[in-house]
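Structural characterization, general
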Amino acid sequence: MPRIERESIVELLKGLVAIDSVNPCMSPSHKGEGEIGEHVARLLQAAGLDVELQQVTEGRNNVIGRLRRGNGEKRLLVLAHMDTVGVDTMTIPPFDPAVVGDRLYGRGSSDTKAGLAAAVATAEDLAVERGNFDGELVIAATVDEEYEAAGVEALVKKVKADAAVDLEPVGMKAIIAHKGFAWQRFRVLGKAAHGSDFARGIDAIIRTGRLLEELSSLNGKLSKASHPMLGPPSLHASQISGGEGWSTYPASCTLTVERRTVPGETREKIEDEFRMIVERLASEGIEASTELCFFRPATEISPDERIVRCLVNSAAKNGIVCPVEGMAAWPEAGTLNLAGIPTVIYGPKGCTGHEADEYVEIGSVVQCAQVLKSTVLDFLG
Ligand SMILES: [Zn+2]
């Protein structure tokens, strides 16, 4: 019985949504991906894949299933994360999946258990058909995408592949470019003194105003550049803190800034930009320091990559329109691209994820699985 049809996919997806896999780093009262990992491993094993668990941290394992045909060297990785964001603000039961019309509701229904269900259904279908491709299909279900992406970071140390499809709810588009980001911390110094002692006190918070002006002007410059798929890079001030009380000159003020990058903007470029601002402030007698706390680069692949052409052709074969675009958020595809595995992001329509009433459009999940199966057969054909 084919697995890529509405009833089987709904059953698969309901089974995945019913398991709480909230990322425990974001919501410590939840247990994480242990149970869903066992469930996915059982499904892939039952389908006939060789399955192994890769421990990422205690109790949190990536699930890796392999389906081999012939002696072909080509290997295609299909990836979906198992964790979800928290459920505290949800307005629907998070783990009691409900079908209303063409929508399936529940936490993770869209981001990205729908993609995971499409991957499992594809593997189940391909496993019962013999001699349909030559090479290896690797299905990977990862942990921790929503927090530090520790799952995919571990995965690329173990799995090599010629290309990958990263399943996320991107509305049936082929996404080949995404932005990156840098988290930067500034510290501006002043001099503590009694509030009445204007001659001695130096106000670090007012001085930070100069830093904010510089950042605003940098943001203005950034907005003039534009990546054809991603638009301009940008920055925004994220958090500010400083000062001790009404009657004290603040001795320091800390400002954190997020800088969103486009492909080609390196860690060094970002560090230079911010260092130059600190140097300018120093020339005005304002003492400040800055450090880059976390950086993930933007990446992109060519629309001519074989995996992109296979995916777009497979969509067309199934009568589905598949625009090739970029996306703003950082996906696991970034880590795969950096590891030398050209990755296209694909997935169903519905919520983009994290919503209070998260849902996915069931018809698009079935279509996603159809396209995925054709893509595997084409790429490994
Ligand atoms: Zn996701």
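Residues numbered from 1 in each chain as written. Predicted model: local features only at pLDDT ≥ 70, side-chain atom pairs only at ≥ 80, totals over all residues.

Remarks on the overall build of the protein
Threshold: Per the convention used, a helix needs a DSSP run of H or I reaching at least four residues, while a strand needs a run of E reaching at least two, with both numbered from the N terminus. In this scheme the burial state of a residue depends on its C-beta neighbours within 10 Å: 20 or more other such atoms mean buried, 12 or fewer mean exposed, and anything in between means partly exposed; the C-beta positions come from the backbone. We call two residues in contact whenever the C-beta atoms placed from their backbones are within 7 Å.
Counting its regular elements, the protein contains 9 helices and 16 strands. Across its three principal directions, the C-alpha atoms of the protein cover 85 × 40 × 35 Å. Each of the 381 residues in the protein was classed as buried or not, and the buried ones make up 48%. Taking as baseline every contact in the protein between residues at least 6 positions apart, the subset at least 24 positions apart corresponds to 77%.

Describing the sheet that holds strand β12 (residues 288-296)
Selection rule: Pairs of strands are assigned from DSSP output, requiring at least two bridges between the strands. Angles here are taken between N-to-C directions and fall from 0 to 180 degrees, while the axes themselves are lines fitted to C-alpha atoms, restricted in helices to the stretch in contact.
Overall, antiparallel pairing links the 4 strands, which are arranged β10-β11-β9-β12 in an open sheet. In this open sheet, the two strands that pair with only one neighbour each are β10 (234-242) and β12. Between one strand axis and the next, the sheet turns by 20 degrees as a mean value, whatever way the strands run. Pairing of β10 with strand β11 (residues 252-261), which is carried by 8 bridges, proceeds in the antiparallel orientation. Opposite glycine 242, over in β11, you have cysteine 253 as the bridge partner. Together, β9 (180-189), β10, β11 and β12 form the strand contacts of helix α5 (residues 204-222), whose direction differs from that of β10 by roughly 170 degrees. Running at roughly 165 degrees to β12, helix α6 (residues 267-283) makes contact with β9, β11 and β12 of the sheet.

Quick look at helix α3 (residues 113-128)
Three- or four-residue spacings in an α-helix give side chains the same orientation, since the helix completes a turn every 3.6 residues. What counts here: Multiply 1.5 Å by the residue count of a helix minus one, and that product is the helix's expected span.
With 16 residues, α3 ought to run about 22 Å at 1.5 Å a step, and its terminal C-alpha atoms sit 23 Å apart, in line with that. Burial analysis of α3 places 14 of its 16 residues in the buried class, which makes it a mostly covered element.

A short note on the domain arrangement of the protein
By a widely used convention, the size of an interface equals the accessible area lost when the partners come together. Quick reminder of the rule: Bear in mind that the domain bounds are from an automatic or database domain assignment. Residue polarity follows a fixed list, in which Ala, Val, Leu, Ile, Met, Phe, Trp, Tyr, Cys and Pro are nonpolar, Asp, Glu, Lys and Arg are charged, and the others, Gly among them, are polar.
Partitioning the protein into structural domains gives domain 1 (6-178 + 299-379) and domain 2 (180-296). Just the C-alpha atoms count here: the centres of domain 1 and domain 2 sit 38 Å apart. Of the residues lining the interface, 8 residues belong to domain 1; the matching set on domain 2 comes to 6 residues. Elements supplying a minimum of two residues to the side of domain 1 that touches domain 2: β13 (299-300) and β14 (324-327). Of the residues assigned to the side of domain 1 that touches domain 2, the class counts are 3 nonpolar, 3 polar and 2 charged.

Some points on helix α7 (residues 306-317)
Between its first and last C-alpha, α7 extends 16 Å over 12 residues, near the 16 Å set by a 1.5 Å rise per residue. When α7 is considered as a whole, its buried residues turn out to be Ile307, Val308, Cys310, Leu311, Val312, Ser314 and Ala315. Of the surrounding elements, those touching the buried residues of α7 are β7 (163-167), β8 (174-178), β14, β15 (343-346) and α9 (362-379). At the exit of α7 stands glycine 319, carrying a positive phi of roughly 75 degrees.

Looking at the pairing of β11
The buried count for β11 comes to 7 of 10 residues, which makes it a mostly enclosed element. Looking at chain direction, β9 and β11 are connected through 10 bridges and run antiparallel. Bridging from a neighbouring strand, glycine 180 pairs with threonine 261 of β11.

Side note on the sheet that holds strand β4 (residues 98-100)
Taken together, the 3 strands give an open sheet; going across it, the order is β4-β5-β16, and neighbouring strands pair in antiparallel fashion. A single partner strand is all that each edge strand has here, and the edge strands are β4 and β16 (359-361). If you compare each strand with its neighbour and ignore which way they point, the axes differ by 25 degrees on average. Alignment of β4 against strand β5 (residues 103-105), held across 3 bridges, turns out to be antiparallel. If you follow alanine 98 over to β5, its bridge partner there is tyrosine 105. Along the sheet, α9 contacts β5 and β16; its crossing angle with β16, the most-contacted strand, is approximately 60 degrees.

Thoughts on the nonpolar core
Where we set the bar: Note on terminology: a nonpolar core is any set of buried Ala, Val, Leu, Ile, Met, Phe, Trp, Tyr and Cys residues joined through C-beta atoms within 7 Å.
Ala117, Leu311 and Val365 are the most contacted members of the largest nonpolar core, which has 84 residues in total. For alanine 117, the residues in contact, after removing those within four places along its chain, are Ile9, Leu12, Leu13, Leu16 and Val365.

Some words on the environment of threonine 248
Here threonine 248 shows up in the loop between β10 and β11. Between the C-alpha atoms of threonine 248 and alanine 193, which are 55 residues apart in sequence, the distance is 5.7 Å. Beyond its immediate stretch of four places on either side in the chain, threonine 248 contacts Ala192, His194 and Gly195.

A look at unusual backbone geometry
In this model, aspartate 111 is joined to threonine 112 through a cis peptide bond whose omega is -5 degrees. Note that threonine 112 resides in the loop between β5 and α3. A positive phi angle, near 70 degrees, is found at aspartate 144, a position not held by glycine. By the element assignment, aspartate 144 lies in the loop between β6 (135-142) and α4 (150-158).

Structural notes on the environment of arginine 280
Note that arginine 280 resides in helix α6. Using a count of 14 C-beta atoms within 10 Å as the deciding quantity, one classes arginine 280 as partly exposed. For arginine 280 and glutamate 291, which are 11 residues apart along the polypeptide, the C-alpha to C-alpha distance reads 16 Å.

Focus on the environment of glycine 195
Structurally, the position occupied by glycine 195 is in the loop between β9 and α5. Sequence separation between glycine 195 and valine 308 is 113 residues; the distance between their C-alpha atoms is 63 Å. Other than its neighbours up to four places away in sequence, glycine 195 contacts Trp246, Ser247, Thr248 and Tyr249.

Points about the packing of helix α1 (residues 6-17) against α9
We apply this condition: Throughout this description, any angle smaller than 35 degrees is read as roughly parallel, any larger than 145 degrees as roughly antiparallel, any in the 65 to 115 degree range as roughly perpendicular, and the remainder as oblique.
With their axes 10 Å apart at the nearest point, α1 and α9 run at an angle of 105 degrees to one another. As summarised for this structure, α1 and α9 are arranged roughly perpendicular, according to the angle between their axes. Here Arg6, Ile9, Val10 and Leu13 of α1 lie close against α9, whose contacting residues are Ile362, Val365, Val366 and Ala369. Residues belonging to the contact of α1 with α9 are distributed by class as follows: 7 nonpolar, no polar and 1 charged.

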